[in-house]
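Here are the chains, one letter per residue:
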Amino acid sequence: MNIYDIVVVGGGHAGVEASLSSARMGKKTMLITMSIDQICATSCNPAIGGLAKGHIVREIDALGGEMAKCTDSTGIQFRVLNSSKGAAVQGSRAQIDMDRYKIYMKNISMTTKNLTVYQDEVVSFSLKDGLVDFLETKLGLKIYARQFILTTGTFLQGKIHIGTNSFQAGRAWEKSSNSLSDSLISTLGLKLKRFKTGTPARVIAHSINFDKTEQHGGDSTPKPLSFQTDKQTFKPTQIPCYITYTNETTHKIIQENLSSAPLFSGQIEGVGPRYCPSIEDKVYRFSHRDRHQLFLEPHTIEANEYYINGLSSSLCVEVQDKVIKSIAGLEDAVVSRYGYAIEYDYIDTTILTHTLCHKDISNLYFAGQINGTTGYEEASAQGLMAGINASISCDDKPPFVLRRDEAYIGVLIDDLVTKGTNEPYRMFTSRAEYRLLLREETADIRLSEYGYKYGLIDEPTHKKMLNKKQKIQKVIDDIADIWFNPNKENLKLLSDIDEDKISDKTKLIDIIGRSTIDTDKFDTIVPRYASIDNYIKNEIITYAKYYRYIQKQEKQIQKMKNMINLSIPAEFVYDGLDGLSLEVIEKLNHHRPQNLFDASQISGITPSAVDILHLNISKRRKNV
């Protein structure tokens, strides 16, 4: 009999992080994939990270995941986006070698202790006493486990559209998983919905006239994504991308063919990503724009094939050819792979707890695009969290849930399980209320303790984090306590480094926190800390810039923590409370939560609703 602690279904980004984490936590794990050679394939763009997504990658790394290390090993261009803006909204992004990325992840999966990788198709589940008992594969194997994690990506009833051509597929020319959808509905009682995503055409490098494009290189001093990668010795190959634009001719071709586009003809029923629309959708929705920016991104370090970022399309191949050839630099482009749209099944995530476990089937977890998200990073984060929680559940230990003030991963999961999503969900910095606390470079300080606790971070890495944390905190505590007086000596010091003078005594942390302060000026102002590594100095300077705002956010968080434990009187009347929707009132009446924390865990109960409850309960107590 095939018996495991944990079985993970699906070998994409979520599945690999889930299976690696559970195996590294000592659990006998099986990863079932329809193609071992396609483990962690990057189906769409050849890049990892970006705005908000870079934060998630760093958090995955801090918790002991593999994505950042793989990116550092296989990256071919590294760049910090939004580098001219504040550190809280900057995002690390790397172009990757798509082939080497999946080879790296395949190799790490095949060689990890406690992990068995098996190629087959899962077709059904069997329930016993309200739990998943076993799954059955197409080859007839019954595989039993204590916990199951579903990470099926776009393969559930996957259907590809290219013009009027449509066919079943989970990814271009790869078989979809249809029987499993039927089992999820009939056996597990799940209600499945449909989403749509897409990808652009790829063109052969020697057919591109790069002289008509703008070269877009990586940073002169590239930063690794993993905290475990040595910053001093990190010298990756930097392959340039190229920028070009659509034009009026491009838009005219698209407009003339909108009626036959699957997105507009009714052929596609699933909802697509609002923040990453197809080119036909962009031309239709933003008809006032005379051009749209496109990035030509290399697939591999050999750069013999380019991905046209920004030109996702499901138009027929003849129209795609015309569109591409209307663009500067691509007049003679030869298409190696055409763009397509793909529809697939996903679940309503409000049926999940914050551990990503089904509320009624307590040994079944979900992660990745089956949860309605889009993006490799969001999928990997969910997989990691599902893997950790499935593992500790095997040992009957308390669940691992990240709060919204602790991590972008906490925001992601909280959004999914409390609100659900009616469009493919992607992360933005604007979704995080406490983003000043959640900067990329603080991910290790915020989360590595958890990774160490669960055996995913080793002792040297943990000590490195503690050393960084202690150094930063020591200096911050020092400069936050010292007054910088406007005496002759200090005024001359400010003048010598071209800093504005002060007229009243000022806390030293507010001087260090000026936008004009760099590491050289830091050394002049506080020479006793000049020997500290520049990386640590930059973190101190950044912290000082946000110091006053961080203090306010920390007070808000403490207020929320105190508030969340407030008990709700058993006879409390929700009906008629100003600011609460009828839907929220109905849910509160149905569940009758005992305290505000319980109320906050009910799907659809927003933080603002919790605030309103707190206000009204407090008023009532004062009036008693």
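Coordinates for the structure precede this section.
Quick look at the structure, then.

What counts, and where the lines are drawn
Residues numbered from 1 in each chain as written. Predicted model: local features only at pLDDT ≥ 70, side-chain atom pairs only at ≥ 80, totals over all residues. Heavy atoms only, no water. Phe/Tyr/Trp six-rings, centres within 6.5 Å; stacked < 30°, edge-to-face > 60°. Helix = DSSP H or I, 4+ residues; strand = E, 2+ residues; numbered from the N terminus. Buried < 20%, exposed > 50% of the residue type's maximum accessible area, 1.4 Å probe, protein only. Lys NZ or Arg CZ within 6 Å of the ring centre and 35° of its normal. Contact = heavy atoms within 4.5 Å. Pairing = 2+ DSSP bridges. Axes fitted to C-alpha atoms, helices over the stretch in contact; angles between N-to-C directions. Salt bridge = Lys/Arg side-chain N within 4 Å of Asp/Glu carboxyl O. Arc of directions from axis to C-beta. Core = buried A, V, L, I, M, F, W, Y, C linked by side-chain atoms within 4.5 Å. Parallel < 35°, antiparallel > 145°, perpendicular 65-115°, else oblique. Left-handed = near helix turned anticlockwise from the far one by under 90°. Nonpolar A, V, L, I, M, F, W, Y, C, P; charged D, E, K, R; others polar.

Looking at the packing of aromatic side chains
So, step 1. With the rule as written, the count across this model stands at 14 aromatic pairs.
So, step 2. Between the aromatic rings of Phe125 and Phe148, the centroid separation amounts to 6.0 Å while the plane-to-plane angle is 90°, which identifies the pairing as edge-to-face. In this pair, Phe125 sits in strand 7 (residues 122-128) while Phe148 sits in strand 9 (residues 142-150), placing the two residues 23 residues apart along the sequence.
So, step 3. Judged by centre distance (4.6 Å) and plane angle (70°), the rings of Tyr275 and Phe428 are edge-to-face. Note that Tyr275 is positioned in the loop between helix 7 (262-265) and helix 8 (279-285) and Phe428 in the loop between helix 11 (408-419) and helix 12 (443-453), a separation of 153 residues in sequence.
So, step 4. Taking relative accessible area as the criterion, Tyr275 reaches 43% and is therefore assigned partly exposed.
So, step 5. Following the ring pairs from residue to residue traces out a cluster consisting of Phe210, Tyr242 and Tyr306.
So, step 6. Here the basic side chain of Lys28 rests over the ring of Tyr4, its NZ or CZ set 4.8 Å away from the ring centre.
So, step 7. Positioned above the aromatic ring of Phe428, the side-chain terminus of Arg426 is 4.5 Å from the ring centre.

Overview of the environment of Arg202
So, step 1. Relative to the elements of secondary structure, Arg202 occurs in strand 13 (residues 202-204).
So, step 2. For Arg202 and Tyr306, which are 104 residues apart along the polypeptide, the C-alpha to C-alpha distance reads 5.4 Å.
So, step 3. The residues touching Arg202, leaving out its near neighbours within four places in the chain, are Ser43, Cys44, His299, Glu305, Tyr306, Tyr307, Val334, Val335, Ser336 and Arg337.

Digging into unusual backbone geometry
So, step 1. With phi around 60°, Asn82 is a residue other than glycine that occupies positive phi space.
So, step 2. Structurally, Asn82 can be placed in the loop between strand 4 (75-81) and strand 5 (91-96).
So, step 3. Residue Leu356 is not a glycine yet carries a positive backbone phi of 70°.
So, step 4. Of note, Leu356 is situated in the loop between strand 19 (340-347) and strand 20 (364-366).
So, step 5. With a relative accessible area of 0%, Leu356 lands in the buried category.

A closer look at the sheet that holds strand 18 (residues 335-337)
So, step 1. Taken in spatial order, the six strands line up as 14-15-16-17-13-18 in an open sheet, and their pairing is antiparallel. Each end of this open sheet is capped by a strand with a single partner; those strands are strand 14 (214-216) and strand 18. Neighbouring strand axes in the sheet, compared pairwise and without regard to direction, differ in orientation by 35° on average.
So, step 2. Here strand 14 runs beside strand 15 (residues 241-245); their pairing, made up of three bridges, is antiparallel. Its bridge partner lying in strand 15, His216 is registered against Cys241.

Remarks on the sheet that holds strand 3 (residues 47-49)
What links the strands of a sheet is backbone hydrogen bonding, and the strands pair in either a parallel or an antiparallel sense.
So, step 1. Taking strand neighbours across the sheet as the criterion, the three strands line up as 3-5-4 in an open arrangement whose pairing is antiparallel. Looking at which strands have only one partner, the edges of the open sheet turn out to be strand 3 and strand 4. Averaged over all neighbouring strand pairs, the angle between strand axes comes to 20°, with direction disregarded.
So, step 2. Pairing of strand 4 with strand 5 involves six bridges; the strand directions are antiparallel. Paired with Arg79 across the strands is Arg93, a residue of strand 5.
So, step 3. Sitting on the sheet, helix 2 (residues 53-63) is in contact with strand 3 and strand 5, with an inclination near 80° to strand 3.

Observations concerning the pattern of salt bridges
Side chains bearing opposite charge may pair, as long as their charged atoms lie close to each other.
So, step 1. Scanning all chains against the criterion turns up 35 salt bridges.
So, step 2. Of the charged contacts in the structure, one is a salt bridge between Lys138 and Glu121, with a shortest N-O distance of 3.9 Å. Within this pair, whereas Lys138 is found in the loop between strand 8 (131-137) and strand 9, its partner Glu121 is found in the loop between strand 6 (115-119) and strand 7, the two being separated by 17 residues in sequence.
So, step 3. A relative accessible area of 53% means that Lys138 is categorised as exposed.
So, step 4. Salt-bridge contacts for Asp415 lead to Arg404; the nearest nitrogen and oxygen are separated by 2.9 Å. Here Asp415 is found in helix 11, whereas its partner Arg404 is found in the loop between helix 10 (376-394) and helix 11, with 11 residues between them in sequence. Neither Asp415 nor Arg404 differs from the other in exposure class; each is buried.
So, step 5. Salt bridges here are not isolated pairs; linked through shared partners, they connect Arg404, Asp414, Asp415, Lys419 and Glu433.

Comments concerning the environment of Leu225
So, step 1. Along the chain, the position of Leu225 falls in the loop between strand 14 and strand 15.
So, step 2. The class for Leu225 is buried, based on a relative accessible area of 0%.
So, step 3. The sequence separation of Leu225 and His55 amounts to 170 residues, and the corresponding C-alpha distance is 9.4 Å.
So, step 4. Not counting the four nearest positions on each side in its chain, Leu225 is found in contact with Val57, Arg58, Asp61, Ala68, Thr71, Asp72, Phe78, Ser92 and Ala94.

A look at the pairing of strand 10 (residues 159-162)
So, step 1. Where strand 10 and strand 19 come together, three bridges link them in antiparallel fashion. Bridging across to strand 19, His161 finds its partner in Ala341.
So, step 2. In this sheet, strand 11 (residues 165-168) lies alongside strand 10 in antiparallel orientation, the contact comprising four bridges. By the bridge assignment, Ile162 is partnered in strand 11 with Asn165.
So, step 3. Adjacent in sequence and paired antiparallel, strand 10 and strand 11 are bridged by two residues, among which Gly163 carries a positive phi angle near 65°.

Remarks on helix 5 (residues 179-186)
So, step 1. If you check which residues of helix 5 are buried, you get Leu180, Ser181, Ser183 and Leu184. Angularly, the buried residues of helix 5 cover 160° about the axis, an arc narrow enough to put them on a single face.
So, step 2. As for helix 5, its buried residues are in contact with strand 1 (2-9), strand 7, strand 9, strand 12 (192-199) and strand 19.

Regarding the nonpolar core
So, step 1. Val7, Phe125, Ile409 and Ile525 are the most contacted members of the largest nonpolar core, which totals 123 residues.
So, step 2. The contact partners of Ile409, leaving out residues within four places of it in the chain, are Ile56, Glu59, Ile60, Leu63, Ala381, Met385 and Leu402.
So, step 3. One finds Ile253, Ala261, Val319 and Ile327 within the second-largest nonpolar core, a separate group that totals 27 residues.

A closer look at the pairing of strand 15
So, step 1. Along strand 15, five of the five residues are buried, which leaves the element largely enclosed by surrounding structure.
So, step 2. Burial along strand 15 is two-sided: Cys241, Ile243 and Tyr245 facing one way and Tyr242 and Thr244 facing the other are all buried.
So, step 3. One ladder, built from four bridges, connects strand 15 with strand 16 (residues 293-298); its direction is antiparallel. Residue pairing across strands places Tyr245 opposite Gln293, the latter belonging to strand 16.

Description of the packing of helix 3 (residues 67-74) against helix 4 (residues 98-111)
So, step 1. Relative orientation of the contacting elements helix 3 and helix 4 amounts to 135°, with a least axis distance of 9 Å. Classified by the angle between their axes, helix 3 and helix 4 sit oblique to one another. The interaxial crossing formed by helix 3 with helix 4 has right-handed handedness. The segment helix 3 lies against helix 4, with Met67, Lys69, Cys70, Thr71, Ser73 and Thr74 engaging Arg100, Tyr101, Tyr104 and Met105.
So, step 2. Partitioned by chemical class, the residues of the contact of helix 3 with helix 4 number five nonpolar, three polar and two charged.

Remember that the coordinates give geometry; whether it matters functionally is a separate question.
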